[in-house]
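Structure assessment
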Amino acid sequence: MILGKVITMENLWMPDIYHDVPVAYAVFDLIFAEDGKTVQDTKYVFANKIYCEMVGKTEEELLGNSFRSIYEKVNPIWMTYCARACHEGKAIRDCIYAPEIDHWLDFTIMPLEQPGYVAYTFMNVDLDRARQMEMKRAYTTNDIILRISKILNSEVDYETAMNHALRELSRVLHPDRLYILETDGKTVSNTFEWCAPGVTPEIDTLQNLDYAQYIGGWEKFLEHSTSVVIEDIEVLKNDDPVDYWNLKRQGIERIIDAPFYHDGKLIGYLGVDNYEKSELVNTVTLLETVSYFIASKITNHQLMVELEHASRYDALTGLHNRNACIEKIDFLMQHSSSMGIVYADVNGLKEINDTHGHQAGDEALQRVAHLLAKCYGSENAYRMGGDEFLVLMPLVKELDFKASFRRLRELVGREQDLSIALGSDWVADTTHLNEAICRTDQRMYSDKVEYYNRRGKQYENRHDIRSCRRILDTILPLAD
């Protein structure tokens, strides 16, 4: 009963007030199954103008026709709501997506006094729903970004953190493969990778590739976008065939590669292959933001590597430095083994610097380093500072060591405009390495004095405690 009027199929007239309701309004006659409870379909009894405009139908197309006969896509939940309202005898309100008209609808359904009749009011909430979904999407995306940033900034080691971050991303994007490409502008290498079960890893095959040939073509995508987004790799076939066939070989259909930079220079990409599209996550925003943290992690790691290298290697010669030598001596003195020792000192370095310039002096030091590395390996040679070098040759037999020292003297003798004072010793037990180093240093000093005597000069730069004492004093005290 609506305003005292019974609605029947014979009497479909409705007061004008229902045509003027400021929301979409419709009345349905329920069609029940044999059990008398399940609603199979509904029949339009009334629909106002706003409702007709919302569903894109005329009043004549709707009235007297069943719901299922009018729409191709029918969400069966409408029938469930009709049955609930009818059986519970009360109004129900909800918000759902209506595939019939491709809109989000906020609706209220209520039973009417006439048995088997219900009335609906609808409001199109597409904009509200879109805003809600966007807010939820942004919240979900930001939550994932925060989670991954915490992983990358955790105290775990570099490789563990990077692999953990990729694994966490995989749980959200469900891709075939996630990877990090690093480049210096000339070559590009895959440095980290996560693969789904059954997907063949590519990290070993993607090393030291030519940047311009392999991914140089991606730069054109960055002219108009912040990331390389390729929904279908077929777009690469004509313009970038090398990259196209490489992706095709891997079974890749779509990719997103978010670039990352350091000091404005492109240093790599965070990429994802065959990712799963999701309305709950902004994939591009996620990758671009995470790539920022990836770049920070990589550059910080590289800085630490450089600092570690600088603390253990001599920048001029590339040999190990004094710090590395002290650590090595400390280790050797705690582990007994045979050892060959060579001390080398450039004769007349000050004269070379004064006469020909410091560049010539640097070149002389580099030549000495090259000779020592050639005879004993760069891993066993150390620049102690200034013009002094030390060789620690472990696990070498005495005869072999003496032969190598003779070869060194021969090579030094062939050098033009370069003279090197040398001393050597061999010990069977490195627990006595301190005495052996001092003996070696003393022999080198004698060789240097002889060099100056042959030239009628007096060598006055004898350092009283000597370099061996300066080294060993850092490890254990020695009596004068």
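Scope of this entry: the structure provided in the associated data block. A quick note: this is a predicted structure, and the numbers were derived from the prediction, not measured.

Among the surface-exposed residues, L303, M304 and L307 lie close enough to one another that they form a single nonpolar patch of about 300 Å² accessible area. With respect to the helices and strands, L307 occurs in helix α10 (residues 283–312). Relative accessible area serves as the criterion here: at 48%, L307 is assigned to the partly exposed category.

Once that is clear, we can look at α10. A rise of 1.5 Å per residue sets the reference length of α10, with its 30 residues, at 44 Å; its end C-alpha atoms lie 43 Å apart and thus fit the reference within 8%. Structurally, α10 contributes buried residues whose contacts are with α6 (126–152), α7 (158–173), β6 (177–183), β10 (255–262) and β11 (265–273).

On to the pattern of salt bridges, then. Counted according to the given criterion, the structure contains 20 salt bridges. Salt-bridge contacts for E88 lead to R84; the nearest nitrogen and oxygen are separated by 3.4 Å. With E88 and R84 both in helix α5 (residues 77–88), this residue pair falls four residues apart, about one helical turn. Look at E88 and you get partly exposed, because its relative accessible area is 39%. When the shortest N-O distance is used, the salt bridge between D314 and R383 registers 3.3 Å. With D314 in the loop between α10 and α11 (322–332) and R383 in strand β13 (residues 381–385), this pair connects stretches of sequence that are 69 residues apart. Bridged by salt links that share partners, the residues D143, R147, E168 and R171 form one connected network.

Even without being a glycine, H174 presents a positive backbone phi close to 50 degrees. Checked against the element boundaries, H174 lands in the loop between α7 and β6. Here D263, not a glycine, exhibits a phi torsion of approximately 55 degrees, which is positive. Position of D263 among the secondary structure elements: in the loop between β10 and β11. Classification of D263 as exposed rests on a relative accessible area of 73%.

Criteria and thresholds
- Residues numbered from 1 in each chain as written.
- Predicted model: local features only at pLDDT ≥ 70, side-chain atom pairs only at ≥ 80, totals over all residues.
- Heavy atoms only, no water.
- Patch = residues over 30% accessible without salt bridge, like charges linked within 9 Å, V, L, I, M, F, W, Y side chains within 5 Å.
- Areas by Shrake-Rupley, 256 points an atom, 1.4 Å probe, with all protein chains shown as cover.
- Salt bridge = Lys/Arg side-chain N within 4 Å of Asp/Glu carboxyl O.
- Helix = DSSP H or I, 4+ residues; strand = E, 2+ residues; numbered from the N terminus.
- Buried < 20%, exposed > 50% of the residue type's maximum accessible area, 1.4 Å probe, protein only.
- Expected span 1.5 Å × (residues − 1).
- Contact = heavy atoms within 4.5 Å.

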